[in-house]
4 protein chains.
Amino acid sequence: MPQPTARARWERRAQGPLLALAVLFAVAYAFPIVDPDAPEAVLTACHIVNWGVWGAFALDYLVRLGLSEDRLRFVRSNPLALLAVVLPLLQPLRLLKLVSLLLLAGQRARLASQVRVTTYVAGSCLGLLIFGALAVLEVERGQPDASIKTLGDAVWWAFTTMTTVGYGDMAPTTGLGRVLAVGLMLSGIALLGVVTANIAAWFIARFDKDDVEERRQTEAIRELTEEVRALRGEVAALKGTSVE
Amino acid sequence: MPQPTARARWERRAQGPLLALAVLFAVAYAFPIVDPDAPEAVLTACHIVNWGVWGAFALDYLVRLGLSEDRLRFVRSNPLALLAVVLPLLQPLRLLKLVSLLLLAGQRARLASQVRVTTYVAGSCLGLLIFGALAVLEVERGQPDASIKTLGDAVWWAFTTMTTVGYGDMAPTTGLGRVLAVGLMLSGIALLGVVTANIAAWFIARFDKDDVEERRQTEAIRELTEEVRALRGEVAALKGTSVE
Amino acid sequence: MPQPTARARWERRAQGPLLALAVLFAVAYAFPIVDPDAPEAVLTACHIVNWGVWGAFALDYLVRLGLSEDRLRFVRSNPLALLAVVLPLLQPLRLLKLVSLLLLAGQRARLASQVRVTTYVAGSCLGLLIFGALAVLEVERGQPDASIKTLGDAVWWAFTTMTTVGYGDMAPTTGLGRVLAVGLMLSGIALLGVVTANIAAWFIARFDKDDVEERRQTEAIRELTEEVRALRGEVAALKGTSVE
Amino acid sequence: MPQPTARARWERRAQGPLLALAVLFAVAYAFPIVDPDAPEAVLTACHIVNWGVWGAFALDYLVRLGLSEDRLRFVRSNPLALLAVVLPLLQPLRLLKLVSLLLLAGQRARLASQVRVTTYVAGSCLGLLIFGALAVLEVERGQPDASIKTLGDAVWWAFTTMTTVGYGDMAPTTGLGRVLAVGLMLSGIALLGVVTANIAAWFIARFDKDDVEERRQTEAIRELTEEVRALRGEVAALKGTSVE
């Protein structure tokens, strides 16, 4: 039977290779969209890499499951990890592989400090922006009445959407493109919230009320200490007179 | 004369059935809009269910009123409940039945914790989004120059509105449609506020100032306690010398 | 020479009539825009009322100035009141009379509590929305390529602008119309900020950290009090043995 | 070898002239865009001033570097100053000179108080708005299918973008124009965040929980002081009886 630390050891060792695989996945996902006229062999290679990375993540999940003492508890307390493995199987929503990578990264990073939360959200937004643009480009490009036709258009549209500016010079026209767009909009709201919350927390922590009540307390404690010291002096004097 | 707890007992018992009726109402409201070509009998049934649910809620209000000790005070301290019963009588604004359901739910839920407030606002936003889309679809569909013509269009438009992205590829053209749209916009602002406030409150609660003044106080109180203890020892010693 | 309280007495007495005049001004401002085909006499009456109200506010300023002990200091410490009187003289920006009314109201109200600030901002936003819509309608209506042509259009456009949705189905095309629009946009940002800040402040005040340090302090103070009481008992016993 | 304070003395002296040069730069940057039909001599003069100011800032950097004790450490701890000097060399992004001026101003100002942060962000937003509008105008004006063709158009577009309203009646169509637009959008989000955070911090500081626990503590400390005083009186009385 495996020792309690076997899974933790595996997770520590697997972290580096999995991150490298995630970058590889991102490249293999982006390339066929940016250059659809690339040689057939290259496109096939990208496809294989895509599924290879998925396989590696699925394997990682199974190994972690196998190394767990209480397997049912592992499945229940890691729902995101399971989701990240199962979601990409739904073929049309290939971008969800990216979301699941973000979920995995977030889960493993143990979001501890304000800086880390902000970095994570900003990074996720940037990732969603780039890969959301790519995904919408892939879906819309073939449509006859589409307004998003080049990579530049797609990135520009993603920025106007995520910042909630929404000029409307470009907008997805297919159902799947619109579903992706809603994801970008909601990410944009989250980004706005994190930016604002950061500034607010910083203002409040730095320029907090000059706590009057607390100062009055400190004053009162000091007075009391003086009083007790005087009392002690008097008792000492008393001791002198009593001994005599 | 009814006992003071008679109304509370009724409200506890009626909560479950009223919630079920509310879900039934939502279905009966949505169905004729999603499928306007359904058989006449089905559409009539939906209509009847709509008004039946309204009747049940009106009855609930009257029963609660009857079971109150001080009826005038009940009416005055439950303005939302009265509004929820009276508003749907204004025929053209049928969606307000939904808003009144949300108001009722909010009132009964006693919004106690941050999680509940967020859940309630997010749920209300989702409900308003779906039923706002349905209501705008119903109003706009018949117009010759309308841009919102299918259910997909309406939901897409509702998302772009509530996130304040506002592409403008679709927009209501009728007066009633625009009134509904304003409701969605204001809900969107509320949603944005709740998201931001949540993150800000979490940041502030978690990474709050390491209160230096308070620590200094605790230190001062401890020192003082030591002082008093020493004094007590001295008095005890004094007692010994005095007895001798 | 007037007494120090003469001005305060005047301001208290003038508050009611000035508010009534402000409402009258709003009606006289709005009417000719909503119904430009009204009889010539009515339009002239509105014009006269407009300038009469301005005269009353100017008179109020002069009386307050006359009743002040230190007149130079009054002018310097009430820049908004001066602005509110001077601004409407610039003919093309008639809406600024409204802004100056809001400034006056805000200055006199002494914004003391969170509820009042919110009420004031929400009221100002509503006022700016309605009168911004009217002003833009007046400016744009005559233009050949304008998209804002009816009162309904103007109010709808004002809502989409202030909530920062910005569909773009309507937009001002004249320079003055765009200046007014920028005012609405900035008000919208202020509104969004106040909504969010309200929710955040409420969350933080209600679900604040369960202050552990403070509890520890209260505990320490209680312990100390026990100690002192025991000491007092011992001193009392000592007094008994010493007397004997 | 220079003394440790030589650099600080230089920076204090150079601050005024550099600010004047920054204003001169802004004028020389804006003039050729606002009036492209000005005499050739004037346009050349503006060009020379532009590069002259850059030269002065580069010189300032070199002097500060020369006066530093540990030069490597100066370079590493002032990355923004280096960026501000190097960035403008990339010819197409001339606006970045402005951004680098803002960076320099922010770095030297030691952002200490809430008022200063807000002033700095609001000022930067206004600067970015005006010069962003100018830069986009310069880039777009020549394009055949551009919608931004006059200075008025550009400023109007910049406002709709920075407030995230985004009507879409105007939008940049060139790649460089869009990059500039993204900068304005992100500034707008920062502005929104600062406005909201300000209001939130003000609400929280002003209407903070009426700290009940702290008041109870102060009360307890005062009671305790009374207790000790009574004890002291008793000891004094004891001293009297003991002497007798």
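Residues numbered from 1 in each chain as written. Chains lettered and ligands numbered in written order. Predicted model: local features only at pLDDT ≥ 70, side-chain atom pairs only at ≥ 80, totals over all residues. Heavy atoms only, no water.

**Section: the environment of B:A6**
Residues and elements named next belong to chain B. Mapped onto the fold, A6 is located in helix α1 (residues 6-34). Here A6 falls in the buried class, since its relative accessible area comes to 15%. Sequence separation between A6 and E69 is 63 residues; the distance between their C-alpha atoms is 9.6 Å. (Helix = DSSP H or I, 4+ residues; strand = E, 2+ residues; numbered from the N terminus. Buried < 20%, exposed > 50% of the residue type's maximum accessible area, 1.4 Å probe, protein only.)

**Section: the relation of the copies chain D and chain C**
Note that the two copies of the chain are related through a rotation about an axis and a translation along the same axis. Superposition record for chain D on chain C: RMSD 0.4 Å, screw rotation 91°, translation along axis 0.2 Å. Read as a symmetry element, the transformation amounts to a four-fold axis. (Least-squares fit on C-alpha atoms with pLDDT ≥ 70 in both.)

**Here's the deal with the environment of A:L184**
Residue and element names in this part refer to chain A. Mapped onto the fold, L184 is located in helix α8 (residues 175-206). When the C-alpha positions of L184 and L128 are compared, they lie 7.0 Å apart, and in sequence the two are 56 residues distant. Sequence-distant contacts of L184, that is, excluding residues within four places in its chain, are made with L128, L129, W157, A158, T161 and M162. (Contact = heavy atoms within 4.5 Å.)

**Considering the nonpolar core**
In terms of nonpolar packing, the biggest core is built from 180 residues, with A:W157, B:W157, C:W157 and D:W157 touching the most fellow members. Ignoring sequence-local partners within four residues, the contact set of D:W157 consists of A:Y167, D:V136, D:I148, D:M170, D:A171, D:P172, D:A181 and D:L184. Formed by 26 residues, the second largest nonpolar core is a distinct cluster that contains A:L224, D:I221, D:L224 and D:V235. (Core = buried A, V, L, I, M, F, W, Y, C linked by side-chain atoms within 4.5 Å.)

**Some thoughts on a nonpolar patch on the surface**
A contiguous nonpolar surface patch, about 200 Å² in accessible area, is contributed by A:V34, A:L151 and A:V155. Along the polypeptide, A:V34 turns up in helix α1 (residues 6-34). (Patch = residues over 30% accessible without salt bridge, like charges linked within 9 Å, V, L, I, M, F, W, Y side chains within 5 Å. Areas by Shrake-Rupley, 256 points an atom, 1.4 Å probe, with all protein chains shown as cover. Salt bridge = Lys/Arg side-chain N within 4 Å of Asp/Glu carboxyl O.)

**A look at the pattern of salt bridges**
For the coordinates displayed, the defined rule picks out 8 salt bridges over all chains. Between A:D153 and D:R178 there is a salt bridge, with the nearest N and O atoms lying 3.4 Å from each other. One end of the pair, A:D153, is in helix α7 (residues 151-162); the other, D:R178, is in helix α8 (residues 175-206), on a second chain. Looking at D:R178, the relative accessible area reads 13%, which means it is buried.

**Structural notes on the packing of helix α1 (residues 6-34) of chain C against helix α2 (residues 40-66) of chain C**
Residue and element names in this part refer to chain C. Contact geometry of α1 with α2 gives a least axis separation of 9 Å together with a crossing angle of 160°. When the axes of α1 and α2 are compared, the pair comes out roughly antiparallel. Here the hand of the crossing between α1 and α2 comes out left-handed. When its residues are assigned to classes, the contact of α1 with α2 shows 19 nonpolar, 1 polar and 4 charged. (Axes fitted to C-alpha atoms, helices over the stretch in contact; angles between N-to-C directions. Parallel < 35°, antiparallel > 145°, perpendicular 65-115°, else oblique. Left-handed = near helix turned anticlockwise from the far one by under 90°. Nonpolar A, V, L, I, M, F, W, Y, C, P; charged D, E, K, R; others polar.)

**Thoughts on the interface of chain D and chain C**
Between chain D and chain C, the contact holds 38 residues from the first and 48 residues from the second. Of the roughly 3800 Å² buried between chain D and chain C on both sides combined, carbon and sulfur atoms contribute 69%. By the criterion of area lost to chain C, the three top residues of chain D are D:W156, D:Y167 and D:F203, representing 18% of everything that side buries. Where chain D packs against chain C, one counts 1 salt bridge. Listing elements by their share of the side of chain D that touches chain C, those giving two or more residues are α7 (151-162), α8 and α9 (212-243) of chain D. The element that contributes the greatest number of residues to the side of chain D that touches chain C is α9(D), accounting for 15 residues. (Buried area = accessible area lost by both parts, 1.4 Å probe.)

**Quick look at the UniProt feature "transmembrane region" (unreviewed entry) in chain A**
Per the UniProt record, "transmembrane region" (unreviewed entry) is found at residues 40-59, 117-139, 151-168 and 180-205 of chain A. Here residues 40-59 of chain A is 100% helix and 0% strand, with 28 Å between the C-alpha atoms at its ends. (UniProt positions renumbered as here; feature names shortened; annotations may be inferred.)

**Description of the packing of aromatic side chains**
Within this structure, the stated rule accounts for 20 aromatic pairs over all chains. Considering the side-chain rings of B:Y29 and B:F131, the 5.8 Å spacing of their centres and the 45° angle between planes classify their relative orientation as tilted. With B:Y29 in helix α1 and B:F131 in helix α6 (residues 114-140), this residue pair connects regions lying 102 residues apart in the sequence. Just as B:Y29 is buried, B:F131 falls in that class too. Ring geometry for D:F25 against D:Y29: centres 6.1 Å apart, planes inclined by 25°, an arrangement best described as stacked. Residue D:F25 and its partner D:Y29 are located together in helix α1 (residues 6-34), separated by 4 residues, close to a single helical turn. Here a set of aromatic residues connected by ring pairs shows up, and it is made of A:F25, A:Y29 and A:F131. (Phe/Tyr/Trp six-rings, centres within 6.5 Å; stacked < 30°, edge-to-face > 60°.)

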